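Listed below are the residues making up each chain.
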Amino acid sequence: MRRVLALLALATLLAGGPYLGWRELRHEEGRRAWPARELLESGEWIVPQALGAPYLAKPPGFPWAVAGVSWAAERLGFEADPRRDPAPARGPVTPGRLRFTNLLGLLALAACAATAARQVGGDPGAPLRAGLLVLAAPEVLNKARLGEIDPWFAALCGWAALLGQRGAGPAGLAPGPLLGAAVLLALAVWTKGPLALAFGLAPLLSLAAVDPHGRRWRLLAAGLLGALALASLGLWAALVARRLDLPAAELERLWRGEILRPDPQSVGVYLADRGRLIAGCVLGFLPGSLLLLALVRPAARRELSASPAVRLAAAALVPPLLLLLLWPAVRVRYALPLLPWVALAGAAFFSPEHAQRACGRVGAAALRALAVLLGLLGVAAVGLLCWRLGQGADWPVSRLWPGLAALGAAVLTRRLWIELKAGRSGRLLAPCLALGLVLRQAELCLSEPPRWDRSGARAAARAIDAAAASAAGPERAALVHVDHWGEFNALFFVAAELRFVRDPSALSAGDLLLSKAAPPPGFEPLPLDPDSARGFSLYRRSP
């Protein structure tokens, strides 16, 4: 198992490593980095904050993880890109450390699938296939580029479900696994709310519904775990309401709006969202045509019904998948907690012993054709990457990632040709998945090399800092109030202290205001070009 975990760690690093050195924040990364930074600066671990104001859209679980990893990385002197940063982020939280936290979540998610495959038994290669199936999923490859909350949430839910079904069965309750499941489920609830219960308790409830042996123990364990997780979330909500003097109804309204987002505009959009969910997280990483072809065969259905891995995967998949398909505001990333269980079923189904018999001649021929295509692409990728390395491009951390991609493509292409020459179709899936992951990174290295600052966010931060320092004078540090709740990615790199203000008219004389709106009454404009500052203008409160 140690060898499997080491290979999965290497594959995870290859999936997200090229993006650790990106100097900008993208998409929702600013909303994840701000609470972690302010947590370390203020020591406030209960109420997440951004721009000095409470940020309660998500519980504080993920900011805790980012803050812990960033604090440890600073103590160890780790940074994703050691080159001098022209506009460094304030504090230990940086874009590279934020994305490294995300990669740890992806590794934990893949390790969950590998552990589940090892737990149910089967051939020795099943854990590696299950982990690679997770890492090769299209949505995982997309999330590997960003510092997002979803991989951590999915990993916590997966491990809680795995430990929960181990802790309750016909023999009774096992305190050790149940205690671990309770802690992980509580952390999942503290990361993304009560949605974690649908993923973390699904195996227990499904197995209790279909298997009378041990039913009462499973129902008892599910009730205890759910009650403890909800009680922990209620405790956090009570602490927040007490510290901020907020009514409970206000918190309930905020979270209800976060969970129940507006319905899609049409039936076509509704169906398209569900199609992307299934294609990106459930079937997208398997050879889809091969799987569908195999399921038509009676032999394949018999193989599936007789497999303990498939039975466990079905118990964990069916209830949350039905919930997601019926949920009006579903997003593709919400299905990430399903990946370990789909990977578990796929690893069992495509084992060397069963693949040929279950898929038949046509399915095996399709898998060989896929392997030949990937092998030819691997040969081309090695040549192109070696040529690009010779061009002396400005890669993060020297030329490490293109070099790793070239080496991985060469090794895996050789392995594919060996298996094809020996006629072992059942052993093609793992190298095909790994080579597909490597080719994805090779494509990104060839077509979209990371740059220091693509969006101009750091240039905008430098312009804001220069204007604020000039306005504040050399005798005191600049304190800038912001009336715009947004642009977290750009404002993250501003060195001046930023504080959100709802009513600029309440500011005192001499206070600075950063705004995207027209000059408020009683404010004088200061030199700052909006075009160089992402549309922001700087004002000073008149006496």
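All of these numbers come straight from a predicted model, not from anything done at the bench.

Rules used in this analysis
Residues numbered from 1 in each chain as written. Predicted model: local features only at pLDDT ≥ 70, side-chain atom pairs only at ≥ 80, totals over all residues. Heavy atoms only, no water. Patch = residues over 30% accessible without salt bridge, like charges linked within 9 Å, V, L, I, M, F, W, Y side chains within 5 Å. Areas by Shrake-Rupley, 256 points an atom, 1.4 Å probe, with all protein chains shown as cover. Salt bridge = Lys/Arg side-chain N within 4 Å of Asp/Glu carboxyl O. Helix = DSSP H or I, 4+ residues; strand = E, 2+ residues; numbered from the N terminus. Phe/Tyr/Trp six-rings, centres within 6.5 Å; stacked < 30°, edge-to-face > 60°. Expected span 1.5 Å × (residues − 1). Buried < 20%, exposed > 50% of the residue type's maximum accessible area, 1.4 Å probe, protein only. Contact = heavy atoms within 4.5 Å. pLDDT = per-residue confidence, 0-100. Pairing = 2+ DSSP bridges. Axes fitted to C-alpha atoms, helices over the stretch in contact; angles between N-to-C directions. Core = buried A, V, L, I, M, F, W, Y, C linked by side-chain atoms within 4.5 Å. Parallel < 35°, antiparallel > 145°, perpendicular 65-115°, else oblique. Left-handed = near helix turned anticlockwise from the far one by under 90°.

(A) Up close: a nonpolar patch on the surface. Nonpolar side chains collect at one region of the surface, where Val372, Leu376, Val379 and Trp417 lie side by side and expose about 340 Å² of accessible area between them. The biggest single contributor to the nonpolar patch is helix α18 (residues 352–389), with three residues. Within the element layout of this structure, Val379 appears in helix α18.

(B) Representation of the packing of aromatic side chains in the model. For the structure on display, the rule yields nine aromatic pairs. Arranged with centres 6.0 Å apart and planes meeting at 90 degrees, the rings of Trp34 and Phe492 form a pair that is edge-to-face. One end of the pair, Trp34, is in helix α2 (residues 29–42); the other, Phe492, is in the loop between α22 (488–491) and β6 (497–500), with 458 residues separating them in the sequence. With a centroid separation of 5.1 Å and an interplanar angle of 40 degrees, the aromatic rings of Trp64 and Trp190 are classed as tilted.

(C) Seen up close, helix α3 (residues 61–76). Taking 1.5 Å of rise per residue, 16 residues should cover 22 Å, and α3 covers 23 Å from first to last C-alpha, within 8% of that figure. Of all the residues in α3, the buried ones are Gly61, Phe62, Pro63, Ala65, Val66, Ala67, Val69, Ser70 and Ala73. In this fold, the buried residues of α3 make contact with α2, α4 (95–119), α7 (150–167) and α8 (175–192).

(D) Here's a closer look at the confidence of the model for the protein. Residues at a pLDDT of 70 or more form 73% of the protein, whose mean pLDDT is 76. Across the protein, the element-wise mean pLDDT spans from 49 in helix α14 (residues 288–296) up to 90 in α8. Segment residues 393–398: pLDDT under 50, and 18 contacts once partners within four positions in sequence are set aside and those in other chains are kept. Residue range residues 449–453 is modelled with pLDDT below 50. Its contacts to residues more than four positions away, or to other chains, number 17 contacts.

(E) Spatial organisation of the sheet that holds strand β7 (residues 512–515). The mixed open sheet is built from five strands, whose spatial order is β6-β5-β7-β9-β8. The open sheet terminates on both sides in strands that have one partner only, identified here as β6 and β8 (523–525). Pairwise comparison of adjacent strand axes, ignoring direction, gives a mean angle of 35 degrees for this sheet. Where strand β5 (residues 479–482) and β7 come together, three bridges link them in parallel fashion.

(F) Main features of the nonpolar core. One finds Leu8, Leu185, Leu225, Trp341 and Leu344 to be the most contacted residues of the largest nonpolar core, which totals 92 residues. Beyond its immediate chain neighbours, meaning those up to four positions away, Leu344 contacts Ala116, Ala117, Val120, Ala309, Leu312 and Ala313. The next biggest cluster of nonpolar side chains, apart from the first, holds 40 residues, and it includes Ala467, Phe500, Leu512 and Leu528.

(G) Focus on the side chain of Ser206. Position of Ser206 among the secondary structure elements: in helix α10 (residues 202–210). Residues in contact with Ser206, not counting those within four places in the same chain, are Ala315 and Pro319.

(H) Here's a closer look at the environment of Val501. Along the chain, Val501 turns up in the loop between β6 and β7. Accessibility expressed as a relative area gives 11% for Val501, which makes it buried. Taking the C-alpha atoms as reference points, Val501 and Gly52, 449 residues apart in sequence, are found 9.2 Å from one another. In this view, Val501 contacts His481, Val482, Asp483, Leu507 and Leu513; residues no more than four positions away in its chain are not counted.

(I) Broad picture of α2. Between its terminal C-alpha atoms α2 stretches 20 Å, which fits the 20 Å expected from 14 residues at 1.5 Å a residue. Burial runs high along α2: ten of the 14 residues are buried. Every buried residue belonging to α2 is among Glu29, Gly30, Arg32, Ala33, Trp34, Pro35, Ala36, Arg37, Glu38 and Leu39, and all of these are buried. Where the residues of α2 are buried, they touch β1 (49–50), α3, α4, α22 and β6.

(J) Inspection of the environment of Ala478 at higher detail. If you trace the backbone, Ala478 turns up in the loop between α21 (457–472) and β5. With twelve residues separating them in the primary sequence, Ala478 and Ala466 have C-alpha atoms 10.0 Å apart. Sequence-distant contacts of Ala478, that is, excluding residues within four places in its chain, are made with Ala468, Ala469, Ala472, Ala496 and Glu497.

(K) Fine view of the packing of helix α1 (residues 2–16) against α4. Where α1 contacts α4, the two axes come as close as 10 Å, and the packing angle between them is 140 degrees. Comparing their axes, α4 and α1 come out oblique. Crossing hand, α1 versus α4: right-handed. Here Val4, Leu5, Leu8, Ala9, Thr12 and Gly16 of α1 come into contact with α4, specifically with Leu103, Leu106, Leu107, Ala110, Ala111 and Ala114.

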